[in-house]
Each structure stands twice: as structure tokens, then as C-alpha cells.
Amino acid sequence: MSEPAASSPKEIIPVRIAGTGSYLPERIMTNHDLEKSVDTSDEWITSRTGIRERRIAAEGEHTSHLAAKAAEKALEQAGIDAADVELIIVATITPDTLTPATACYVQQHIGSLRAVAFDVSAACSGFLYALELARHSVGSGAFKNALIIGAEKLSSFVDWTDRNTCVLFGDGAGAAVIVPSTNGDGRILSCQLGTDGAQAELLNIPGGGSACPVSIDAPSDKLAFLAMQGREVFKHAVNAMKKAAIDAISAAGLTAKDIKLLIPHQANLRIIDAIVERLEINRDDVFINLDKYGNTSAAAVAIALDEANRQGRIESGDKVLLVAFGAGLTWASAIIEW
Ligand code: ACO
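Throughout, a residue's number is its position along its own chain's written sequence, starting from 1. It should be noted that, the model being predicted, local features are given only for residues of pLDDT at least 70 and side-chain atom pairs only at 80 or more, the latter also being counted only at that level, while totals for whole chains, interfaces and linings use all residues. As a rule here, side-chain values come from all non-hydrogen atoms in the structure, and water together with hydrogens is ignored.

Notes on the pattern of salt bridges
Salt bridges are identified by distance alone: a Lys or Arg side-chain nitrogen within 4 Å of an Asp or Glu carboxyl oxygen. Following the criterion strictly, the structure yields 15 salt bridges and no others. The salt bridge involving Glu232 is made with Lys235; its shortest N-O contact spans 2.9 Å. With Glu232 and Lys235 both in helix α7 (residues 230-251), this residue pair falls three residues apart, about one helical turn. Salt bridges sharing common partners tie together Asp84, Glu86, Arg114 and Lys144. The way it works is that DSSP assigns letters per residue, a run of H or I at least four long becomes a helix, a run of E at least two long becomes a strand, and they are numbered from the N terminus.

This is the structure:
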């Protein structure tokens, strides 16, 4: 795996997270539900991944609807009117449509008509890619605020007959509002991004793009579904997330002991345990909710950040480490002083 590419310079104006929000669809699909449709067991899924259940969006509930609901909660907590939002970045690999961007639908749903809106495609690392873009966009003074959202409706891109993948994923959305940090009231201390396109084949949705168009009449042998070489991805995930975490800690001038809470990508409990062991972070200082939601890709870190915030797991001045890994391959990390 290549060295992480982007180690960002200091922004001009420090920025902070002013509000977070999340939304999970109502329908719960348990491991026992999956036992009825594929050759699997609650015991296998729980022991290999830690996942017990996941949420599934309703018919007609698109990625942009999940995103808009999370966004409204984040804006409410930030005390910012939707009409005053200047930038919307949606991180997703399950857009409503290939074009326009899901961010355009979100703009419409929440009424942020002045905002510039676009999507980022970096799979499970997408929310942190959006965070870094927002940090520079607001930090440069080009935008007064930014609404960043990780949102996925993976249930539309999962082959429900493939036990290797269908047990892993779920739907959901999380959001955060980025504003200048004017009174020393928290700030984003560091962000690290990396990509290894040479490993693109390990985890992808091969059909549906220009390389392999897929139509409803000729679904091309399930090419529009998520395909993954799980064991290989697992190894890369542990190594890349560990390195990204160490890089973010050192770029912020901290040590692992300074971290109050680690919020890792929620793909597999065994991946999280391997990282925690190598980082020497106390297991009690790690936020985990994958048992309830499975892997929600770009939404996972965003949902976990909002839940940690609303559960009072983060207090003013705490240093929070976010770290993610996904298709691309991509990886990303950030340290936030709350
Ligand atoms: N139920 C029962 N058995 C299963 C299931 C299932 N749901 N799925 C696979 N198996 C079987 C396999 O067929 C295999 O059987 P075999 O030995 O007879 O061939 C056996 O279990 C072991 O399979 P492995 O793939 O070796 O299982 P592993 O322990 O690696 O776990 C998993 C698989 C959970 C996918 C793991 O590799 C993993 O978490 N990988 C990383 C996932 C990840 O982090 N993705 C990144 C982000 S996703 C994104 O970007 C969208």
C-alpha cells in the first residue's frame, strides 16, 4: 500500500463542528431475519463481525431523504437556518441518481437554496474526505459554513442472495455543520487522507457506470451489486486505519494518551479490536454502534459521531480521533478538539 498522500497544511481560520445529526430508517433487519433468506447464522455474523442488526430504508426512501433528515438535526443543533447554508457536501456511494449529485436533492429537500452542493465518492472514508474539504472551504473564508453529510442506501446495491456481503451492510445518514472557530471553542486539529487506486478491484460495484452500463431489462449478472474480497480488504483495513490514526495523532502534536474517544469506521468489530490493540487506546474509549447498524459506509463515522455527541461521550476540550477505511482503496483520519 502506498504512503498516505494528503497531509494537509494548516488552514487560515480554525474551524469547528457546531452541530451533528443522524437518521436511521425505522425498519430493523436482524441476523435471525437473514437466516431465513441465506445460508448463514446469527452466531456466524456476530462472531465474525459483531453485527446483530441493521436498518433498511423504506420503499421510496432514497439516500437524499436519509441525508436531509440527518442534516436538519445537525442544523438545529448548530442553530443555523437551512436558508443560510453556503456549502453542502454529501459523501455517498449510493446516490439517488448518477447525476445530478445527491447533494442537489438534499439542497431541495431542506431548502438551502443559496448553497453550492456536490457529492464526494470515497466509500467509507467519504465523510472524512468531506470534512477535510469543508475545513479548507470554510477555513479559507470562501464559505461561511458547510453542511457535510455521509448517507447511504446500501440495501439497493446489495445482492440479497450473497451471504458474503448481504449480512454486512445497512442504511443510514449522519451530518455535521462546520463553522469558523472564533472563540477558541473547539477546532479540527488535523486531517489525513489517502488513496490506493491499485487496489480498486478488491471492493467495488462493477456495473452501472460508463465502463459497464446496466439496465433494469438486462441486469448483467448482478454487476450493479457490491462485490468484495473480504479477507484481503480486512488486512488492508487494519494496516491503513492504524497508520492513518497514528499520522493524525502526530500531525496534531498529540500522543495516543491524549485521545478521549476513538470513533472508528464501523465495518467489523475484529478490525476495530486489531486497531485498538496496536494503538494502545483503552477499549472503553472506543465508540461502537455497528451491532445496531452494520456497515453504513460513508454514514458510519458520521452517525457514530452524532451518537457519541448526543450521549454526552464528548465534552468541551476533549480530543476525538476519527478514522475510516473503504473502497478505492481509501482511508482517512481526523483529530477534533471538541
Ligand atoms: N454466513 C456463514 N458463512 C459465511 C458467511 C455468512 N454470512 N459469509 C462468508 N461465509 C463463509 C465463507 O464462505 C467461508 O467459507 P469457506 O471457508 O468454506 O470458504 C468462511 O465463511 C470464511 O470466510 P472469510 O471470508 O474468510 O471470513 P472472514 O473471517 O474474513 O470474514 C468478512 C468475512 C466479515 C467480510 C471480513 O473479511 C471483513 O470484515 N472484511 C472487511 C470488510 C470491510 O472492512 N470493508 C471495508 C469497507 S466497505 C466499503 O467501502 C463499502
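Some details on helix α5 (residues 126-139)
The terminal C-alpha atoms of α5 lie 19 Å apart, and with 14 residues this matches the ideal 20 Å at 1.5 Å per residue to within 8%. The buried label applies to any residue whose accessible area, calculated with a 1.4 Å probe on protein chains only, is under 20% of its type's maximum; exposed applies above 50%, and partly exposed to all values in between. Turning to α5, its buried residues number three or more, namely Gly126, Phe127, Leu128, Tyr129, Ala130, Leu131, Glu132, Ala134, Arg135, Ser137, Val138 and Gly139. Of the residues trailing α5, Gly141 is marked for its positive phi of about 90 degrees. One less than the number of residues in a helix, times 1.5 Å, gives the span that helix is expected to have.

Quick notes on the domain arrangement of the protein chain
With domains assigned, the protein chain is organised as domain 1 (15-180) and domain 2 (187-337). Per the annotation, domain bounds derive from an automatic or database assignment of domains. When each unit is reduced to the centre of its C-alpha atoms, the spacing between domain 1 and domain 2 is 14 Å. Listed per partner, the contact involves 52 residues of domain 1 and 49 residues of domain 2. Here domain 1 meets domain 2 over a buried area of about 4000 Å², counting both sides, of which 63% is carbon and sulfur. Here the quantity called buried area is the total loss of accessible area, with a 1.4 Å probe, experienced by two parts when brought into contact, counted for both. Of all residues in domain 1, the largest losses of buried area upon contact with domain 2 belong to Cys124, Leu128 and Tyr129, amounting jointly to 17% of the total for that side. Connecting domain 1 to domain 2 are zero salt bridges. In this description, contact between two residues means that some pair of their heavy atoms is separated by no more than 4.5 Å.

Observations regarding the packing of α7 against helix α8 (residues 269-279)
Packing of α7 against α8 brings their axes to within 9 Å, and their N-to-C directions diverge by 40 degrees. With respect to α8, the axis of α7 lies oblique. Once α7 is placed against α8, the crossing between them reads as right-handed. Seen from α7, the contacting residues are Phe234, Ala237, Val238, Asn239, Met241, Lys242, Ala245 and Ile246; seen from α8, they are Arg270, Ile271, Ala274, Ile275, Arg278 and Leu279. When residues are sorted by character, Ala, Val, Leu, Ile, Met, Phe, Trp, Tyr, Cys and Pro go into the nonpolar class, Asp, Glu, Lys and Arg into the charged class, and all the rest, Gly among them, into the polar class. A per-class count over the contact of α7 with α8 returns 10 nonpolar, one polar and three charged. Orientation is described by lines fitted to C-alpha atoms, with helices fitted over the stretch in contact, and by angles between N-to-C directions that extend from 0 to 180 degrees. Geometric relationships in this document are graded by angle, where less than 35 degrees denotes roughly parallel, more than 145 denotes roughly antiparallel, 65 to 115 denotes roughly perpendicular, and other angles denote oblique. Crossing chirality is assigned from the near helix's rotation relative to the far helix, an anticlockwise turn below a right angle marking it left-handed and a clockwise turn marking it right-handed.

Points about unusual backbone geometry
Residues Thr99 and Pro100 are joined by a peptide bond in cis, for which omega reads 5 degrees. You can see Pro100 is positioned in the loop between β5 (87-91) and α4 (102-110). Note the cis peptide between Gly328 and Leu329, where omega equals -10 degrees. Relative to the helices and strands, Leu329 resides in the loop between β13 (319-326) and β14 (330-337). One non-glycine residue, Ala123, lies in the positive phi region at around 50 degrees. Assignment of secondary structure puts Ala123 in the loop between β6 (116-120) and α5. You can call Ala123 buried: its relative accessible area is 4%.

Some points on the nonpolar core
Among the nonpolar cores identified, the biggest contains 45 residues, and Ile259, Leu262, Leu279, Ile281, Leu321, Phe325 and Ile335 are the most heavily contacted of them. Looking at this core, the elements that each hand over two or more residues are α7, β12 (259-264), α8, β13 and β14. Looking at which element gives the most residues to this core, the answer is α7, with nine residues. Each of two domains, domain 1 (15-180) and domain 2 (187-337), supplies a minimum of three residues to this core. In this view, Ile281 contacts Ala256, Ile259, Leu262, Val276, Val286 and Leu321; residues no more than four positions away in its chain are not counted. Remark: nonpolar core denotes a set of buried residues (Ala, Val, Leu, Ile, Met, Phe, Trp, Tyr, Cys) joined through side-chain atoms within 4.5 Å.

Focus on the site of the ligand
Think of it this way: one heavy atom of a residue within 4 Å of a molecule or strand is enough to make that residue near it. Close to the ligand lie 28 residues, the nearest being Thr40, Arg48, Cys124, Arg231 and Asn268. Residue Arg231 places a side-chain N or O atom 2.7 Å away from an oxygen atom belonging to the ligand. Think of a polar contact as two N or O atoms within 3.5 Å of one another; within protein, one of them needs to be a possible hydrogen donor and the other a possible acceptor, and neighboring residues in sequence only count if both atoms come from side chains. A distance of 2.7 Å is found between an oxygen atom of the ligand and a side-chain nitrogen or oxygen belonging to Asn268. Reported accessibility uses the Shrake-Rupley method at a 1.4 Å probe radius. Residues are deemed covered only where the shown protein chains occlude them. When isolated, the ligand has an accessible area of 1000 Å², and the protein chains bury 78% of it. Of all the secondary structure elements, the ones that give two or more residues to the shell around the ligand are α2 (42-49), α6 (163-166), α7, α8 and β13. Here the shell around the ligand is built from residues that sort into 15 nonpolar, eight polar and five charged. Residue-level mapping places the shell around the ligand at the junction of two domains, with at least three residues from each of domain 1 (15-180) and domain 2 (187-337).

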